[in-house]
Amino acid sequence: MFDCGKIAIIGGGSWATAIAKIVVKSTHHIGWYMRRDDQIADFKRLHHNPSYLTGAHFDTDEIRFSSDLNTICNEYDTLIFVVPSPYLKNHLKRVRAKLNNKFIVTAIKGIIPDDNITCSMYFNQAYNVPYENLACIGGPSHAEEVALERLSYLTVGCADKEKAEALSDVLANEFIKTKTSNDVEGIEYAAVLKNVYAIAAGICNGMKYGDNFQSVLISNAVQEMNRFLQTINPMERDVTDSVYMGDLLVTGYSNFSRNRTFGMMIGKGYSVKSAQIEMEMVAEGFYGAKCMKDINRYVHVNMPILDAVYNILYEKISPRIEIKLLTDSFR
């Protein structure tokens, strides 16, 4: 039976904090890389992340903090990366430690900008990490609710079933239910698309479209997601599973969703730049919209919602024009 060994968290944001809370509950020791020494010092003093999920308290004696990414990568066996996808490459540029013999887990619900590949693909292509040593964590799981220990469901995707089950066992507790899957590519692409669709939901909400239309939008988004996944990686999957549709629903409807919030601001008339400045947090769907649009230029899937979001965010076409065209295409 595979053993995850010593586990480290890479990242200092809200989802990284929630993942750390889950892992340390079962292991009672984690490594934790945070970029800023002042954040680490405040964390040790306050026993909680000073910047995110401040209500989630930790026994800091169970945590090996470090702002040296190479130290963490050398000392730990399983590395869970939880940084915004636009910043992953810059973080990894500092790494001199070998990664291809580590169990690499991405809890990043985003895609690598410009490269237009999923995070797992990037680790495989840039760092020669074999796919059997790569896993992803997906599912409807707002960090805020995990921190409050509200029941959440996670799916661990990995080509190696034994490794998926080992990580699943680490994550499972009384408020986290887990399952495994071999659809790593589908889970990662679905996580990117649901952020784009959440922006669309937010835009429509900001423009005062009601719940009736939101339900039609989301049901069409599920169909659009399924068309893309079956084209890019055809296999037997149930798109209504929680890791696909469940994650889409919570991101599209919840007030915790930063992508929905970003979209609402656009729908209310904010420019993209002003919305980004006011949010002070990364809306992964902004980057995801461009990456998925670029990918779809080659696979040619019918994706009107993606097209509408891309046109609003990047072509500066009026949301009223784009959403009107979208509503006419729905039935």
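Preceding block: the structure.
Residues numbered from 1 in each chain as written. Predicted model: local features only at pLDDT ≥ 70, side-chain atom pairs only at ≥ 80, totals over all residues. Heavy atoms only, no water.

Colleague: How would you sum up unusual backbone geometry? Please name residues and give values.
Modeller: Backbone geometry at H28 places phi at a positive 60°, although glycine is not the residue there. When you line up the elements, H28 lands in the loop between α1 (14–27) and β2 (30–33). The residue K316 is not glycine, and still its phi comes out positive at about 60°. When you line up the elements, K316 lands in the loop between α14 (304–314) and α15 (319–329). (Helix = DSSP H or I, 4+ residues; strand = E, 2+ residues; numbered from the N terminus.)

Colleague: Outline the pairing of β2, supporting the account with residue identities and numerical values.
Modeller: Side chains I30 and W32 of β2 all project onto a buried face; the interleaved residues G31 and Y33 project onto the opposite face, where all are buried too. Here 3 bridges tie strand β1 (residues 7–10) to β2, and the two strands are oriented parallel to one another. Note on β2: the bridge partner recorded for I9 is W32. Handedness of the crossover is the feature at issue here: the chain leaves β1, passes through α1, returns alongside β2, and the resulting connection is right-handed. One ladder, built from 4 bridges, connects β2 with strand β3 (residues 63–66); its direction is parallel. Across the sheet, the residue bridging to Y33 is S66, located in β3. The handedness of the β2 to β3 crossover, carried by helix α2 (residues 37–46), is right-handed. (Buried < 20%, exposed > 50% of the residue type's maximum accessible area, 1.4 Å probe, protein only. Pairing = 2+ DSSP bridges. Right-handed = clockwise from strand over helix to strand, strands pointing away.)

Colleague: Lay out the environment of R260 in plain terms, naming residues and giving numbers.
Modeller: Looking at the element boundaries, R260 is found in helix α11 (residues 258–267). R260 sits 113 residues away from A147 along the chain, and the two C-alpha atoms are 20 Å apart. Excluding anything up to four places from it in sequence, R260 contacts A198, A201, G202, N205, Q214, T251, G252, Y253, S254 and N255. (Contact = heavy atoms within 4.5 Å.)

Colleague: I'd love a proper account of the packing of aromatic side chains, names of residues and values included.
Modeller: This structure, assessed with the given rule, holds 16 aromatic pairs. Relative to F65, the ring of F43 lies with its centre 4.9 Å away and its plane at 55°, an arrangement referred to as tilted. Pair noted here: F43 is in helix α2 and F65 is in strand β3, with a separation of 22 residues, a long-range link. Residue classification places F43 among the buried residues on the basis of a relative accessible area of 0%. Owing to a relative accessible area of 8%, F65 belongs among the buried residues under this scheme. (Phe/Tyr/Trp six-rings, centres within 6.5 Å; stacked < 30°, edge-to-face > 60°.)

Colleague: Talk me through the packing of helix α13 (residues 284–299) against α14; I want residue IDs and the actual numbers.
Modeller: Here α13 crosses α14 at 120°, and the two axes come no closer than 9 Å. Between α13 and α14, the angle is such that the two are oblique. Every pair of crossing elements has a handedness; the one defined by α13 and α14 is left-handed. Counting all contacts with α13, which are made through F286, Y287, A289, K290, M292, K293 and R297, the residues of α14 involved are L306, D307, V309, Y310, L313 and Y314. Its residues assigned to classes, the contact of α13 with α14 shows 9 nonpolar, no polar and 4 charged. (Axes fitted to C-alpha atoms, helices over the stretch in contact; angles between N-to-C directions. Parallel < 35°, antiparallel > 145°, perpendicular 65-115°, else oblique. Left-handed = near helix turned anticlockwise from the far one by under 90°. Nonpolar A, V, L, I, M, F, W, Y, C, P; charged D, E, K, R; others polar.)

Colleague: Any details on the packing of helix α8 (residues 184–206) against helix α10 (residues 242–253)? Residues and values, ideally.
Modeller: Two elements in contact, α8 and α10, have axes separated by 8 Å at closest approach and are oriented at 25°. Judged by the inter-axis angle, α8 sits roughly parallel to α10. The two elements α8 and α10 meet at a crossing, and its hand is right-handed. Within the contact between the two elements, α8 uses G186, I187, A190, K194, N195, Y197, A198 and A201 and α10 uses V243, Y244, D247, L248, T251 and G252. Taken together, the residues of the contact of α8 with α10 break down into 8 nonpolar, 4 polar and 2 charged.

In short, the description is geometric, and any link to function would need to be established separately.
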